[in-house]
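Chain by chain, the residues:
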Amino acid sequence: MTGMHSFDRRSKRLSWKILSYALWRMRRNPDLDHSESEATLRARVGETITEDGIGGNKALQLWTDVLAKACISVDHDRFLAYVPGAPTEAAGMFDVAASAANIYGGSWQEGAGAVFAENEALRWVASIASLPDTAGGVFVSGGTAGNLSALIAARWEWRYRAKGAMDTTRGLIIASRTAHSSIGQAARVMDCDVALVDVDARGRMNAAETIATYEGLSEFNKSRVFAFVATAGTTNAGIVDDLKGIGEYADAIDIWFHVDGAYGGAALCAPTRRHLFDGIETADSFIVDPHKWLFAPFDSCALVYKDPRIARAAHTQHAEYLDALHTKNDWNPSDYAHHLSRRPRGLPFWFSLATHGTRAYSDAVERTLRVTEAGAEIITEAAHTELILEPELSVLLFRRIGWTPEQYQQWSDRVLQEGLAFVVPTSWNGETCLRLCIVNPETSPHDISLIVESLQ
Ligand SMILES: *Cc1c(COP(=O)(O)O)cnc(C)c1O
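Notes on the structure in this doc start here. All of these numbers come straight from a predicted model, not from anything done at the bench.

**Details of helix α12 (residues 308-315)**
All of the buried residues in α12 are Pro-308, Ile-310, Ala-311 and His-315. Seen from one end, α12 has its buried residues packed into an arc of 155°, which puts them on one side. Looking at the buried residues of α12, the elements they touch are β1 (136-140), α6 (143-161), β5 (256-260) and β7 (301-305).

Put into structure tokens, the structure is as follows:
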């Protein structure tokens, strides 16, 4: 046996083809591409799963010629919809290497080296958030999984402190109207409630409204509150909530404070924006997605707890066959989130961070911020477009003066088909508008000019 098995000998040569394809794909300036209907793909691809197999060469060719082209290139410099991603080559290639070894990242016993490396990366994340050295956590699949796991730990702590008095009481989360949809989803999964805090004109959650929302609750409902959630970089507008004011209040009344920085947390490493995050050090839990603005491939969310012991108590699974893992005081990533088996999805991020150094990360994030500022000027100067909000991070919200929602959608479809750009409409205070999210250091002001010109 030599490493991974391969049902037949042909597969060995195929591996080189796959590897060179991977490298080629990583290094090229990708076409934007676009989706196709299932019927179109079926017609072009035919049956792929057969009793004898179609062979690796054929499968790879179908992938490169048809299926890969039906996937929009997230790393294209004019993919500015949703939250794009722009992994470094070091991160992307190391993901390949980590998969080649099929490392189990759930326990120290099985994956100590990988877990050590992931924890190094988590320590850097904790340090840019000014969390104590004792902070720690785990990489999970994304912000949705990170928020859920953090809130499960928060609820566990609330019930534990109540010594049984709250075991059958529904919990309550305080979050803002502009919090990410995954907070509401976590509440549904956990069967608890959310009290929504009003936001200011920029969509920012501030301390006064947060306190008013909490104070306005009945005494019973106050006793149900187990977490305050603030967003460090709202997804739609890139606005950082008043972390200091909210965090200090949560601390004063001894309630868990969770900060969702899935998108914006990356800007903690940008000196020009660090002040926006003042107060993040009061967080009991914090997330940031390296697959968004920290140049790692999908899927990767860094989840950090100020006191990981609480998370461990909340999440550790016990079973006869697992007890061997808990005889020592090892750091088992499985114990810090809602999961058990896991790939070490923080490894690509760690490798790239170790390779390039943290300054390269600060510089790259700063570059996207400067491009965003230049983009704001381009939008302001053009006669047919209007900036809706001065950007705080790297999201630009703007309108094409005089357009209906249908015109926005038709334009979006057209520029995608033409391979020019991927930008989708969003809304702001009920008005349809456009949103650009800039996390790719390859995106330039010229790219934004091309998009603005195409709106004429
Ligand atoms: C993207 C995002 C999420 C969800 O993250 P996924 O990785 O897509 O699950 C949560 N919160 C915020 C603020 C986000 O921007």
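**So, the environment of Ala-81**
Tracing the chain through its elements places Ala-81 in the loop between α3 (56-67) and α4 (89-101). Through-space distance from the C-alpha of Ala-81 to that of Arg-435 is 7.0 Å; in sequence the pair is 354 residues apart. For Ala-81, the contacting residues outside a window of four places in its chain are Phe-422, Val-423, Val-424 and Arg-435.

**Details of the packing of helix α8 (residues 207-215) against helix α10 (residues 243-252)**
Look at α8 against α10: their axes get within 8 Å of each other, and the N-to-C directions meet at 30°. The residues of α10 that touch α8, namely those facing Ala-207, Thr-210, Ile-211, Tyr-214 and Glu-215, are Gly-245, Ile-246 and Tyr-249. Residues of the contact of α8 with α10, tallied by class, amount to five nonpolar, two polar and one charged.

**Here's the deal with unusual backbone geometry**
It is generally the case that most residues other than glycine have a negative phi and that most peptide bonds are trans. With an omega of -10°, the peptide bond between Phe-298 and Asp-299 qualifies as cis. Positive phi is not limited to glycine here, since Asn-102 has a value of about 40°. Position of Asn-102 relative to the elements: it lies in the loop between α4 and α5 (108-128). For Asn-102, a relative accessible area of 61% corresponds to the exposed category.

**With respect to the site of the ligand**
Gly-143, Thr-144, Asp-260, Asp-289 and Lys-292 are the nearest of the 15 residues found near the ligand. One of the side-chain nitrogen or oxygen atoms of Lys-292 is found 3.0 Å away from an oxygen atom of the ligand. Applying the majority rule of atoms within 2 Å of the grid points places the ligand in the second largest cavity. Residue assignment for the shell around the ligand shows that the elements contributing at least two residues are α6 and α11 (290-293). Of all the elements, α6 adds the most residues to the shell around the ligand, at three residues. Residue composition of the shell around the ligand, by class: two nonpolar, 10 polar and three charged.

**As for the packing of aromatic side chains**
Where two aromatic rings form a pair, the distance of their centres and the angle of their planes describe that pair. Inspection of every chain in the model, using the stated rule, returns 19 aromatic pairs. Between the aromatic rings of Phe-94 and Trp-350, the centroid separation amounts to 6.1 Å while the plane-to-plane angle is 65°, which identifies the pairing as edge-to-face. Highlighted residues: Phe-94 in helix α4 and Trp-350 in helix α13 (residues 347-356), separated in sequence by 256 residues. For Phe-94, a relative accessible area of 22% corresponds to the partly exposed category. Residue Trp-350 is classed as partly exposed on the basis of its relative accessible area of 25%. Here Phe-94 and Phe-351 contribute two aromatic rings whose centre-to-centre distance is 4.2 Å and whose plane-to-plane angle is 0°, an arrangement assigned as stacked. Taken together, the positions of Phe-94 in helix α4 and Phe-351 in helix α13 put the pair 257 residues apart, joining distant regions of the chain. Put simply, the rings of Trp-124, Phe-139, Phe-295, Phe-349 and Tyr-361 touch in pairs and so form one group of aromatic residues.

**Details of the layout of surface pockets**
What the second largest pocket holds in volume is close to 400 Å³. Along the walls of the second largest pocket sit 20 residues, with Glu-157, Arg-161, Asp-254, Ile-255 and Trp-256 positioned nearest its centre. The set of elements that each furnish at least two residues to the lining of the second largest pocket consists of α6, α9 (219-224), β4 (225-231), α10 and β5. In terms of residue count, the dominant contributor to the lining of the second largest pocket is α6 (four residues).

**Comments concerning the packing of α6 against helix α7 (residues 181-190)**
Two elements in contact, α6 and α7, have axes whose closest approach is 9 Å; the angle formed by their N-to-C orientations is 50°. For the element pair α6 / α7, the angle class is oblique. Like other packed secondary-structure pairs, α6 and α7 cross with a definite hand, here right-handed. Contacts between α6 and α7 involve Thr-144, Asn-147, Leu-148, Leu-151, Ile-152 and Arg-155 on the former and, on the latter, Ser-182, Ile-183, Ala-186, Val-189 and Met-190. Split by residue class, the contact of α6 with α7 holds seven nonpolar, three polar and one charged.

**Describing the pairing of strand β2 (residues 172-176)**
The element β2 is extensively covered by neighbouring structure, given that five of its five residues are classed as buried. Residues Leu-172, Ile-174 and Ser-176 of β2 are buried on one face, and the alternating residues Ile-173 and Ala-175, pointing to the opposite face, are buried as well. Of the strand pairs in this sheet, β2 and strand β3 (residues 193-197) are connected by five bridges, and their pairing is parallel. Paired with Ile-174 across the two strands is Ala-195, which belongs to β3. Handedness of the crossover joining β2 and β3 through α7: right-handed. As judged from the three bridges shared by β2 and β4, these two strands associate in the parallel manner. Looking at the pairing, Ile-174 lines up with Phe-228 of β4.

**Quick look at empty space enclosed by the protein**
Under the definition given, this model contains two cavities of 30 Å³ or more. Lining the largest cavity, in full, are Tyr-104, Gly-106, Ser-107, Gln-317, Leu-322, Leu-325, His-326, Asn-332, Ser-334, Asp-335 and Leu-340. Grouping the amino acids of the lining of the largest cavity by side-chain chemistry returns four nonpolar, six polar and one charged. Its boundaries defined by the atoms lining it, the second largest cavity holds a volume of some 50 Å³. What lines the second largest cavity is His-180, Thr-231, Gly-233, Thr-235, Asp-260, Ala-262, Tyr-263 and Lys-292. Its residues placed into classes, the lining of the second largest cavity shows two nonpolar, four polar and two charged.

Cut-off values and rules
Residues numbered from 1 in each chain as written. Predicted model: local features only at pLDDT ≥ 70, side-chain atom pairs only at ≥ 80, totals over all residues. Heavy atoms only, no water. Buried < 20%, exposed > 50% of the residue type's maximum accessible area, 1.4 Å probe, protein only. Helix = DSSP H or I, 4+ residues; strand = E, 2+ residues; numbered from the N terminus. Arc of directions from axis to C-beta. Contact = heavy atoms within 4.5 Å. Axes fitted to C-alpha atoms, helices over the stretch in contact; angles between N-to-C directions. Nonpolar A, V, L, I, M, F, W, Y, C, P; charged D, E, K, R; others polar. Near = heavy atom within 4 Å. Polar contact = N/O pair within 3.5 Å; in protein donor to acceptor, adjacent residues only side chain to side chain. 1 Å grid on protein atoms, 1.4 Å probe; cavity = no way out; pocket = protein on both sides within 12 Å on 5 of 7 lines; lining within 4 Å. Sits in = over half its atoms within 2 Å of the grid points. Phe/Tyr/Trp six-rings, centres within 6.5 Å; stacked < 30°, edge-to-face > 60°. Points joined across faces, edges and corners; volume = space filled by probe spheres on them. Parallel < 35°, antiparallel > 145°, perpendicular 65-115°, else oblique. Left-handed = near helix turned anticlockwise from the far one by under 90°. Pairing = 2+ DSSP bridges. Right-handed = clockwise from strand over helix to strand, strands pointing away.

These figures come from the coordinates and say nothing about function on their own.
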